[in-house]
Every structure is written in structure tokens, then in C-alpha cells.
Amino acid sequence: MSAGSVRVYADYECDFSEDVDVVVVGSGPAGAVTAKELTDAGLRVALIEEGPPFTPQDFEIDGAISMARTMREGGLRMTQGTVMPTMQGIALGGGSLVNSAICNKAPDFVLDDWCEKFDLENTTLADLDPHYDAVGEFLGIAPTPEKVQGRRNLLFKQGCDALGYSSEPVLRNVKGCRGSGECFTGCRTRAKQSMDVSYVPAAIRRGALVLTSARVESILNDGSKATGVAGRVVAPFTGRASHRFRINARAVVLAAGCMATPVLLEKSGKLANRSGQVGENLQFHPGVAIMGVFPEDVHPAFGATQGYQSKNFLRDGYKLETLWAPPSVLAVRLPGSGMAFKNRLADFARSAIWDAIATCNRSLGRVRTRSRSMTPSLVWRLHPEDVRILTRALWTLSEIFFAAGAKSVVSGVNGIPDEFFSLDEARMLTEHPLRDRDLVLGGNHAFCTTRMHGNPARGVVDEYGRCHDLRNLYITDTGIFPQCPSVNPMWTAMALAHRSAAHISAEL
Ligand SMILES: Cc1cc2nc3c(=O)[nH]c(=O)nc-3n(C[C@H](O)[C@H](O)[C@H](O)COP(=O)(O)OP(=O)(O)OC[C@H]3O[C@@H](n4cnc5c(N)ncnc54)[C@H](O)[C@@H]3O)c2cc1C
Ligand code: SF4
């Protein structure tokens, strides 16, 4: 094996095989941390990623083109039931390439709930803190400094302060952020410490073999243990399959994301599914966004993409954030057509857009496998109680906008007026009965499809990510969360992966 190297699509000339100690599938936050920690422990590791690597020259700031290149199904993957788009990365670095770098530890009350409901003994905040901190130190996770906040973020703070709601600069995995607001299409200054510029290079330096444009299609096993993985080389952006590969390993780690890992298990002979929980329990933090129009320019394109947040309402089921993305992507939420739509676009320079994500443990779905495709089919329904929580969150954001001096808010909600000019008018948000289809939803945080549970009859993995059914098969992506973490999931996924890696290396 040629250790300590990365292969890209042009490097593959024929079928091939490799022998390693551990093969890790997926290079997102969970897989990248797992691979780096295992190489640090002296193990020979292969990290396999279906997507290509991106350099700053490869990033497209046009939202639609960027989504087509960096996200599965062009960023338009949808749930059925309640229809909601869910963006999932396909790139070296997974979702970290296009995410906003928001880092939050899961609150202690959430982790205590996980432990109690899912028979977990060692997953309190005190248990995970050393792992959160190790990752935090490696990535330089720190509060967003004021100089790169921009007006859009500071107005949020101003509104929260006026109402007595707590708010704070977001902790992010960035080094030298310039506040360009481009996290969604890839950080061209490489300030964002996405996995492709942090954990993956560190793994390569310690000897890992990284295969990009390589899609794992099955987990090899002899009935009692996993023996490796097999798959095909795939062309970037088209997915056209060519050479075959096989990686033999003493342990297999799946970190392909909570929508791909269940498909891989199912296509490998319904592996690790004695509990019947593989692909079940799909959960999201569905999000809603709202635009406030101010009397003067806000210049919303400047500022850390999501630089401010409020956890004031976490126990009520929602978290508030500032937001930026390419205007063409944000405009999807704008009501109206023709001249009215054109005028709303013209308002953009005087606007700020803020969002809420909700803890929706009642809103459940599942991932299903299609017969001749690795693309999952998703079913998920937003529970009526969670519709109420999301509309409550929109009301709170309206309050904050008006407290910050907005002259109107554009809710983007069907069935009520497009724009409110006073808080009194906005009250309709809480008074008018709304249905799931009235909200313009997005759900980029997804979890729970291979959930951890202390009882092997009720979960797929234990709290260290080890499959109850196959002792050398591990899962570290967000599928192992037993419930919503209530805050942005990446840091928790990395902390759990950091802990799992220690267990895997101790076992081998
Ligand atoms: C636009 C956007 C913004 C977000 N913002 C934030 C944020 O600011 N903070 C936060 O905490 N979270 C954020 N998230 C969510 C966060 O990025 C994800 O929760 C996180 O990336 C999940 O990590 P993961 O390792 O479980 O999976 P992923 O990041 O999805 O990584 C899985 C990887 O596996 C690869 N893969 C899949 N199948 C195969 C296969 N068969 N063979 C080989 N490789 C495969 C995929 O291509 C992918 O690269 C955001 C997500 C999006 C899309
Ligand atoms: S705001 Fe701009 S500079 Fe800062 S991390 Fe995001 S893309 Fe990079």
C-alpha cells in the first residue's frame, strides 16, 4: 500500500485492492476525525470518499452551480410526507465544505435525556467534554470576533438585548475569517477549517491513504465479522462508474452520513439490523427563515455567514440564528411574483435574514433503499406540535426584528399576509392555525437512522459506535444520535467520533 497519499479521479487506471487495518467510509466531520485519530494511534487507515476534493479555484459563488457540484441531487434532495429539502454534501470534507462552521456542544439537559431514554451510561456532557475540547483545540473553535460580524449579525444582538433575550457570538471552526459570508459555496480564503483542510491532511501526514471519487457499494463480511468494503471509482459530478476496488480491513467504520449508511447496510445483506432499527427514526432540525427590512442599508453580504445566535429558547424547542447564503438561494423563500418579487429583491441591501431550527423529536421518518441505486428515498412528517413550535419561533424572530428597528418583516409563510409592518400584525403568526405545508422548510441537520441504544434490541450501535451485531463494524456519522441534539450537530458528531476512535484502536 502507498501510505500517506491521496488519490483523485485521474489517478485511477485499473481495478485495485488494498489491505489496511481500518477502512473509514465517508470524509465528513465524523469520518475525518475518526481517520485522523486512528492514524495517530499507529493504525494503517484508508479513508474512502465518493466526492472529489475542491480547491478555492473550484468553488462557484453562483448558488445553483455550487449546489449542483457539492451537494447530492443538486442540493434538492427532498423528503416525502412533509416535503422538505435536505442538503447533503458530496465532497472531500462532506458537509463541512459547505456548512457555516457553527460549533455548539449539545446541552447537558439534552445529553442527560439521551442517557435516560436510550440506556446510555457514559454519554453525559462531562463524559463528552474531553472529546469536544480535543476537537475544539485542533480546529481552533472560538467565538466569532466583532470585526467580522457585519451589521446583519449585530442587529440580531441589538434586538435580543432590547428584549432581554440572551444571545452570543457563534463559536466556529475558522482561522482568520474575513467575514465574506461565503461559507455556503466554500470558503475561498480557506479560513474555514472544513475537514479537507484540517483533519484529512493531518490523517494523510500520519500515513492515511485517502481515496476520493471512490464509492463504497458493499460491506464485505463473513457472517460474523466485517472484512472490508468494495465499490467503484465514480466520475466527479456525473457519478459515472468505472474501475472496481476492494479494501480488506480488520475493522470497518461507516461515516457515510445518516442517509447513506443505512443504504450501505441494507445493500450488504441487511447487515447489523437484528434490531430492525436501520433506516428508522429519521429526524431533522427543520428550519424556517424570515426576512426583516430596515429603513437603511444593512449590507447583508458582509459578515460571518452565521455569526450570532440565541439559545434563549432551547428548552422551548427552538434555537435562533443569523443567516446568509447566495441571494438566489435565499430568494426561494420570498413571496410574490413579477414586479412585487422584483421589488423584494431590490430590498435585499436593506434586509437581514434570520432563521430558527427546532428540536423535533416527535417528527419522525425513515430512509428506504431503492433497488438499483445508492440514492435513498426519504419519508418524514412534521408533527403538528412542531409546526406550532416553528411558528412560535417565527414570531420570536419578528419580535427581535422590530426591536432592532426593522420597518417590516417578510415571513414567507403561506396563508397569511406576505409582509407585516408592526408586531401587532405579526401576531397572526401565532393566532392563525398553520399546517406543515404552509411553512417553507429546510432540514440540513439529519440524524438517528442507526441510533445508539444500550439495549441491542432497540438500537443499531452502542454508545461507542460499535454495531451490536458485528463487533468490528462501527458507525460514527450523525445516524448514531439517538435524538435531535437541539443545536448544530457537527461538533457533537466529531466529539463522538473522537471517542469512538479511541475505542476502536484499543480493540485492535
Ligand atoms: C448547507 C449546510 C449548512 C450546515 N451548517 C452547519 C453548521 O454550521 N454547523 C453544524 O454543526 N452543522 C451544520 N450542517 C450540518 C453538518 O454539516 C452535518 O451534520 C455534518 O456534515 C454531518 O457529518 P457526517 O460526517 O455525519 O456526514 P457528512 O458530512 O454528510 O459526510 C458523509 C460523507 O460520506 C460520503 N459518502 C456517502 N456515501 C458514500 C459511499 N457510499 N462511499 C464513499 N463515500 C460516501 C459523502 O459524500 C460525504 O462526504 C450544515 C449542513 C449543510 C448542508
Ligand atoms: S465567512 Fe467567509 S472568510 Fe469566514 S469562514 Fe465563511 S467563507 Fe470563510
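Just so you know, these numbers come straight off a predicted model, no measurement behind them. (Residues numbered from 1 in each chain as written. Chains lettered and ligands numbered in written order. Predicted model: local features only at pLDDT ≥ 70, side-chain atom pairs only at ≥ 80, totals over all residues.)

Let's talk about the overall build of the protein chain
Each helix and strand in the protein chain was counted, giving 13 helices and 23 strands. Since a compact globule built from 508 residues should have a radius of gyration of about 23 Å, the 22 Å found for the protein chain is in line with a globular shape. Reported as C-alpha extents along the three principal axes, the dimensions of the protein chain are approximately 65 × 45 × 40 Å. Looking at the protein chain as a whole, 55% of its 508 residues are labelled buried. (Helix = DSSP H or I, 4+ residues; strand = E, 2+ residues; numbered from the N terminus. Rg over C-alpha atoms; globule rule 2.2 N^0.38 Å. Buried ≥ 20, exposed ≤ 12 C-beta atoms within 10 Å, placed from the backbone.)

Thoughts on the site of ligand 1
Around ligand 1, a shell composed of 41 residues is seen, among which Gly26, Gly28, Gly94, Gly95 and Met490 lie nearest. Of all the secondary-structure elements, those providing two or more residues to the shell around ligand 1 are helix H1 (29–40), strand S10 (214–221) and helix H13 (490–507). Broken down by class, the residue content of the shell around ligand 1 amounts to 20 nonpolar, 17 polar and four charged. (Near = placed C-beta within 6 Å. Nonpolar A, V, L, I, M, F, W, Y, C, P; charged D, E, K, R; others polar.)

Let's talk about the pairing of S10
With seven bridges connecting them, S10 and strand S11 (residues 226–234) associate as antiparallel partners. Of the residues in S11, the one forming a bridge with leucine 220 is glycine 228. Hairpin connection between S10 and S11: a loop of four residues separates the two successive antiparallel strands, and glycine 223 in this loop has a positive phi of roughly 95°. (Pairing = 2+ DSSP bridges.)

So, the sheet that holds strand S20 (residues 408–410)
Spatial strand order, S7-S15-S16-S17-S14-S20-S21: seven strands in an open sheet with antiparallel pairing. If you trace the sheet from one side to the other, it starts and ends with strand S7 (168–169) and strand S21 (419–420), each paired once. Pairing analysis gives three bridges linking strand S14 (residues 287–293) to S20, with the strands arranged antiparallel. Paired with valine 293 across the bridge in S20 is serine 408. Together, strand S15 (308–310), strand S16 (318–323) and strand S17 (351–358) form the strand contacts of helix H5 (residues 150–163), whose direction differs from that of S15 by roughly 30°. (Contact = placed C-beta atoms within 7 Å. Axes fitted to C-alpha atoms, helices over the stretch in contact; angles between N-to-C directions.)

Some remarks on the environment of serine 96
For serine 96, the position within the fold is in the loop between strand S5 (84–85) and helix H3 (108–117). Owing to 29 C-beta atoms within 10 Å, serine 96 belongs among the buried residues under this scheme. The sequence separation of serine 96 and glycine 28 amounts to 68 residues, and the corresponding C-alpha distance is 6.4 Å. Setting aside chain neighbours within four positions, we find serine 96 in contact with Gly28, Pro29, Ser194, Met195 and Met490.

Topic: the site of ligand 2
Lining the immediate environment of ligand 2, one finds 15 residues, of which Cys177, Ser180, Cys183, Cys187 and Lys192 sit closest. Residues of the shell around ligand 2, tallied by class, amount to seven nonpolar, five polar and three charged.

Observations concerning the packing of H1 against H13
At a minimum axis distance of 8 Å, the contact between H1 and H13 shows a crossing angle of 35°. Considering how the two elements wind past one another, H1 and H13 form a crossing that is right-handed. Together, Pro29, Ala30, Val33, Thr34, Glu37 and Leu38 of H1 and Met490, Ala493, Met494, Ala497, His498, Ser500, Ala501, Ala502, Ile504 and Ser505 of H13 make up the contact between the two elements. Along the lines of polarity and charge, the residues of the contact of H1 with H13 split into 11 nonpolar, four polar and one charged. (Left-handed = near helix turned anticlockwise from the far one by under 90°.)

Topic: the sheet that holds S5
Here we have four strands laid out as an open sheet, ordered S5-S4-S19-S18, and mixed in their pairing. With partners counted over all chains shown, the strands left at the sheet margins are S5 and strand S18 (365–368), one partner each. Pairing between strand S4 (residues 78–81) and strand S19 (residues 377–380): two bridges, direction parallel. Residue pairing in the sheet places glycine 81 in a bridge with tryptophan 380 of S19.

Digging into the domain arrangement of the protein chain
Many analyses report the size of an interface as the accessible area lost when the parts associate. When cut into domains, the protein chain gives domain 1 (5–73 + 85–140 + 193–279 + 448–507) and domain 2 (144–174 + 287–362 + 383–438). Here domain 1 and domain 2 have C-alpha centroids that lie 32 Å from each other. With 17 residues of domain 1 in contact, the opposing surface of domain 2 contributes 16 residues. In terms of residue class, the side of domain 1 that touches domain 2 is made up of nine nonpolar, seven polar and one charged. (Domains from an automatic or database assignment.)

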